[in-house]
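Chain residues, written in single-letter form:
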Amino acid sequence: MRAFHVKHFDVVVIGGGHAGAEAAAASARMGARTALVTMSAATIGVMSCNPAIGGLGKGHLVREIDALDGIMGRAADEAGIQFRLLNRRKGPAVQGPRAQADRKIYRHAIQRLLAATAGLTIVEGEVVDLKMGTAGDIEGCVLADGSEISASAVVLTTGTFLNGVIHIGDQRKTGGRVGDAASVRLAERLGAMDLARGRLKTGTPPRLDGRTIDWSKLESQPGDSEPTMFSFLNKAPVQRQVSCGITHTNEKTHDIVRANLSRSAMYGGHIEGVGPRYCPSIEDKVVRFADKTSHQVYLEPEGLDDHTIYPNGISSSLPVEVQEAYVRSIVGLESVEILQPAYAIEYDFFDPRGLRPGLDVENTPGLYFAGQINGTTGYEEAAAQGLVAGSNAAAAALGCDSLRFDRATSYIGVMLDDLIGRGVSEPYRMFTSRAEYRLSLRADNADQRLTQFGMDRGLVKAERKAAFEAKMTALKAGRALLSGQALSPKDLALSGIVVSQDGQRRTAYQVLSIAGVEPAQLDAMVPGWAATPSDIKVQLSYDALYAQYIDRQKNEARGLSQAMAREIPADFAFSEMSGLSAELTAKLQRLRPATLDDAARVEGMTPAALTLILACLKKAERSRVAGA
């Protein structure tokens, strides 16, 4: 499969995971001759952990990747076997699309999309060294068999493979994931470079044989009756839709785990890496939430023709026999067979504060990092970084301007700013609470925010461009219909829409912003509106709903920005504030930031928490003035 008749590429992407696949696709779309180097072409696009894409915050990232013509959303739609819009009862700003995916179909979809990408070559091999120029810049890479690939930019997307070590109880072995070797020689090469590094860990639950589960005892969780797709190019699922099962751990489960904590790789002192706080192992849950008598477990099918079940919520590094005991203590799993044991994996990462906004390494021109190598966790975070690194590597190789993402216009920008500005002390995961502009950074309007940006920079191809322009034309026409029709309170009352009887006429667009008003209620009052496509109606209703809040949000953000120099008294009692998480309170108490700007740099800080601290500072100042 090697294509060494082409000795030079513009960009080389190392690693075929989610970051690597998206980086390679983005680089090639930009017009750069791109090589994707992977140990095995058959494993490109493998879902190493849970068989799902999206979620809260994560779904926003997938929509943004898709808006920029990336491949993750299209593959997820093709492979989706259960679609759910999380937070459906809340506003669109915090709703997150999520899909269970058939692992095999997803992997094949990614491989097919890459194979169809012009200018992209897949190379099988292990990268063991980087070729450096006399000025310290990147000139390509060297494979284990001695072959060399030259390029002016290299994107490293090594996932959990850099010095990866798998732990099950007191047993440990090197590996990037079960069945795949770790990347040790490349890790040694990077270790010789002047880069700050550390160790992180993640874990996965045991895989279960669904044929040995008593489904009759379990609660069933179906998908949505009207699925929300990831890609703006898709309207409906391709695959048959299935349900997940729900069960719970219990006191017996917890007793088994407590009795064997010393045998856990993490609690037995075998692991030095820090794990993801928001995705704790069953050991973590039992220890950290000792007051809880049960924890929910989602039983997620891994495929339509696969009996394997992923029990989301019980990842572990306990010995195999202990895993069997605690799993079989759970209702519905009393006779279950474990197909693959749970394990923890620790790996090297590099401090993302040593990166520039394009994800290029500060002191090594032409070298880019994306994914877990930067301290993140999750498919979606990795893919978004891959898109950024791949597109910027291509832009640099082709002599074009770099692509810059900011936190005011994208969740991608929020993530980059968090990573580069604050660094990580634990695996970074995206949440909607991280975005101060989340009312405007919605999953539904990702294309309106980013597709034109991608078109201007050569990231978006003809099919996406045509679909986007047609949608924008329809939105403009629909908005003109609504804005051009003024309605009186009496008109609205006759249609069942309750407003103040103040005699003031409102445009139909203003009426659509009223909570609870459905687009169909305006069909009879606005000529031409009834013929507007339903998806355009829904989009305009979201745009109208949030229009009145976005200016207010920008003003609040502007005020917060102006207040960042405000000093925080040395004796300020963060512990007495209500509304901060326990973890953030503990960090603030320990670090004692001197100003609000210092507090903003504390890992885990959110715009909402900063606003709360500012309000408490103002309140304390008013109290001092009143006392004086």
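The numbers attached to residues start from 1 for each chain and follow its sequence in the written order. Local features in this predicted model are restricted to residues whose pLDDT is 70 or higher, and side-chain atom pairs enter the listing and the counts only when it is 80 or higher, whereas totals over whole chains, interfaces and linings include all residues. Water and hydrogen atoms play no part in the side-chain values, which are based on all heavy atoms of the structure.

Colleague: Explain the overall build of the protein residue by residue, including any values.
Modeller: Helical segments are the DSSP runs of H or I of at least four residues, strand segments are the runs of E of at least two, and each set is numbered from the N terminus. In terms of regular secondary structure, the protein is built from 18 helices and 23 strands. This radius of gyration counts C-alpha atoms alone. The globule rule is 2.2 Å times how many residues there are, raised to the power 0.38. For the protein, the C-alpha radius of gyration of 26 Å lies close to 25 Å, the compact-globule estimate for 628 residues. Scored against the burial criterion, the 628 residues of the protein give a buried share of 55%. Across the protein, contacts joining residues at least 24 apart in sequence account for 73% of those joining residues at least 6 apart. Every accessible area reported is derived by Shrake-Rupley at a probe size of 1.4 Å, with residue values counting cover from the shown protein chains alone. Of the roughly 25800 Å² that the protein leaves accessible, carbon and sulfur atoms contribute 50%. His is not counted here, nor are the chain ends, while Lys and Arg score as positive and Asp and Glu score as negative. Every charge is mapped to an atom, namely NZ of Lys, CZ of Arg, CG of Asp or CD of Glu. With 71 positive and 72 negative side-chain charges, the protein shows a separation of 3 Å between the mean positions of the two kinds. Here's how the labels work: a residue is buried when its accessible area is under 20% of the maximum for its type, exposed when over 50%, partly exposed in between, all with a 1.4 Å probe on protein chains only. We call two residues in contact when some of their heavy atoms are within 4.5 Å.

Colleague: Outline the packing of helix H6 (residues 251-259) against helix H8 (residues 320-327), supporting the account with residue identities and numerical values.
Modeller: When two helices pack together, their arrangement is given by the angle between their axes and by how far apart the axes lie. Only the stretch in contact is used when a helix axis is fitted, and all axes are lines through C-alpha atoms; the angle between N-to-C directions ranges over 0 to 180 degrees. The contact between H6 and H8 brings their axes to 8 Å, and the two run at 165°. Regarding the angle of H6 to H8, the classification is roughly antiparallel. In this structure, the crossing between H6 and H8 has a hand that is right-handed. On the side of H6, the interface is formed by Thr-253, Ile-256 and Val-257, while H8 contributes Val-322, Ala-325 and Tyr-326. Partitioned by chemical class, the residues of the contact of H6 with H8 number 5 nonpolar, 1 polar and no charged. Note on angle classes: values under 35 degrees are labelled roughly parallel, values over 145 roughly antiparallel, values of 65 to 115 roughly perpendicular, and the remainder oblique. Take the far helix as the reference: if the near one is turned anticlockwise from it by less than a right angle, the crossing is left-handed, and if turned clockwise, right-handed. Each residue gets one of three labels, nonpolar for Ala, Val, Leu, Ile, Met, Phe, Trp, Tyr, Cys and Pro, charged for Asp, Glu, Lys and Arg, and polar for the others, Gly among them.

Colleague: Please give an account of helix H9 (residues 379-398) that cites residues and values.
Modeller: For a helix, the expected span equals 1.5 Å multiplied by the number of residues minus one. With 20 residues, H9 extends 28 Å from end C-alpha to end C-alpha; this agrees with the ideal 28 Å at 1.5 Å per step. With respect to burial, H9 is a largely interior element, 17 of its 20 residues being buried. Positive backbone phi, approximately 75°, marks Gly-399, located one or two places after H9.

Colleague: Go over the side chain of Asn-50 with me, naming the residues and quoting the values.
Modeller: Looking at the secondary structure, you find Asn-50 in the loop between strand E2 (34-38) and strand E3 (52-54). In contact with Asn-50, other than residues within four places in its own chain, are Arg-98, Arg-103, Glu-300, Tyr-310 and Tyr-379.

Colleague: So what's going on with the domain arrangement of the protein? Which residues, and what values?
Modeller: Where each domain begins and ends follows an automated or database-derived domain assignment. Each domain of the protein was delimited in the assignment, giving domain 1 (6-204 + 347-456), domain 2 (207-343), domain 3 (462-559) and domain 4 (565-627). Taken together, the 21 residues of domain 1 in the interface contact 17 residues of domain 3. Interface area for domain 1 against domain 3, summed over the two sides, is near 1600 Å², with a carbon-plus-sulfur share of 58%. Here the buried area means the combined drop in accessible surface, using a 1.4 Å probe, for two parts upon being joined, counting both sides. Taken as a group, Leu-439, Gln-448 and Met-455 account for 32% of the area that domain 1 buries against domain 3, more than any other trio of residues on that side. Of the charged contacts, one joins Arg-464 and Asp-66 as a salt bridge, the two residues approaching to 2.6 Å between their closest N and O atoms. By definition here, a salt bridge exists when the distance from a side-chain nitrogen of Lys or Arg to a carboxyl oxygen of Asp or Glu is within 4 Å.

Colleague: Residues and numbers for the pattern of salt bridges, please.
Modeller: Pairs may arise between side chains of opposite charge once their charged atoms sit close together. Applying the stated criterion across every chain, the model contains 38 salt bridges. Between Arg-328 and Glu-337 there is a salt bridge, and its shortest N-O distance comes to 3.7 Å. A residue is classified by how much of its surface remains accessible, and Glu-337, at 40% relative accessible area, is partly exposed.

Colleague: Give me the lowdown on the sheet that holds E3, citing residues and values where you can.
Modeller: For two strands to be treated as a pair, DSSP must find no fewer than two bridges joining them. In space, the 3 strands of this open sheet follow the order E3-E5-E4, with antiparallel pairing throughout. Strand pairing shows two members of the sheet lacking a second neighbour, E3 and strand E4 (80-86), which therefore form its edges. Strand-to-strand twist across the sheet, computed as the mean angle between neighbouring axes with direction ignored, equals 20°. Sheet topology places E3 next to strand E5 (residues 96-101); 3 bridges connect them, and they run antiparallel. Paired with Ala-52 across the two strands is Gln-100, which belongs to E5. Packing of helix H3 (residues 72-79) onto the sheet brings it into contact with E3, E4 and E5, and relative to E4 it is tilted by some 115°.

Colleague: Describe the packing of helix H11 (residues 446-456) against helix H12 (residues 462-483), listing the residues and the values that go with them.
Modeller: At a minimum axis separation of 11 Å, H11 and H12 run at an interaxial angle of 135°. As summarised for this structure, H11 and H12 are arranged oblique, according to the angle between their axes. The chirality of how H11 crosses H12 is left-handed. Judged by residue contacts, Asp-447, Gln-448, Thr-451, Gln-452 and Met-455 of H11 engage Arg-464, Lys-465, Phe-468, Glu-469, Lys-471, Met-472, Leu-475 and Arg-479 from H12. Among the residues forming the contact of H11 with H12, the class breakdown is 4 nonpolar, 3 polar and 6 charged.

Colleague: Break down the packing of aromatic side chains for me, citing the residues and quoting the values.
Modeller: The geometry of an aromatic ring pair is captured by two quantities: the separation of the ring centres and the angle between the planes. Two rings from Phe, Tyr or Trp (for Trp, the six-membered ring) form a pair when their centres are within 6.5 Å of each other. A pair whose planes differ by under 30 degrees is stacked, one over 60 is edge-to-face, and the rest are tilted. Under the counting rule described, the total for this entry stands at 3 aromatic pairs. Judged by centre distance (5.6 Å) and plane angle (40°), the rings of Phe-350 and Phe-369 are tilted. Residue Phe-350 is found in strand E20 (residues 343-350), and its partner Phe-369 is found in strand E21 (residues 367-369); the two are separated by 19 residues along the sequence. A relative accessible area of 2% places Phe-369 in the buried class. For the ring pair Phe-572 and Phe-574, a centre distance of 4.9 Å and an interplane angle of 75° mean the geometry is edge-to-face. Its end group placed over the ring of Phe-232, Arg-63 keeps NZ or CZ at 4.9 Å from the ring centre. Only when the NZ of Lys or the CZ of Arg is both within 6 Å of the ring centre and within 35 degrees of the ring normal is a charge said to sit over the ring. Here the basic side chain of Arg-434 rests over the ring of Tyr-428, its NZ or CZ set 4.1 Å away from the ring centre.

Colleague: Describe unusual backbone geometry, listing the residues and the values that go with them.
Modeller: Backbone geometry at Asn-87 places phi at a positive 65°, although glycine is not the residue there. With a relative accessible area of 25%, Asn-87 lands in the partly exposed category. Phi at Arg-592 is positive, roughly 50°, even though this residue is not glycine.

Colleague: I'd like to hear about the pairing of E4, residue by residue, with values.
Modeller: Counting buried residues in E4 gives 6 out of 7 residues, a clear majority hidden from the surface. The sheet contact formed by E4 and E5 spans 6 bridges and is antiparallel. The partner of Gln-82 across the bridge, within E5, is Gln-100.

Colleague: Quick rundown of the sheet that holds E21? Include the residues and the values.
Modeller: Read across the open sheet, the 5 strands follow the order E6-E2-E1-E10-E21; overall the sheet is parallel. Every other strand in the sheet has two partners, leaving strand E6 (120-124) and E21 as the edge strands with one partner each. Across the sheet, the axes of successive neighbouring strands diverge by a mean angle of 20°, strand direction being ignored. Pairing analysis gives 4 bridges linking strand E1 (residues 11-14) to strand E10 (residues 153-156), with the strands arranged parallel. For Ile-14, the partnering residue across the bridge sits in E10 and is Leu-156. Helix H1 (residues 18-29) rests against E1, E2, E6 and E10 of the sheet, and its axis sits at about 165° to E2. On top of the sheet, H9 reaches E1, E10 and E21; it is set at about 170° to E21, its chief contact.

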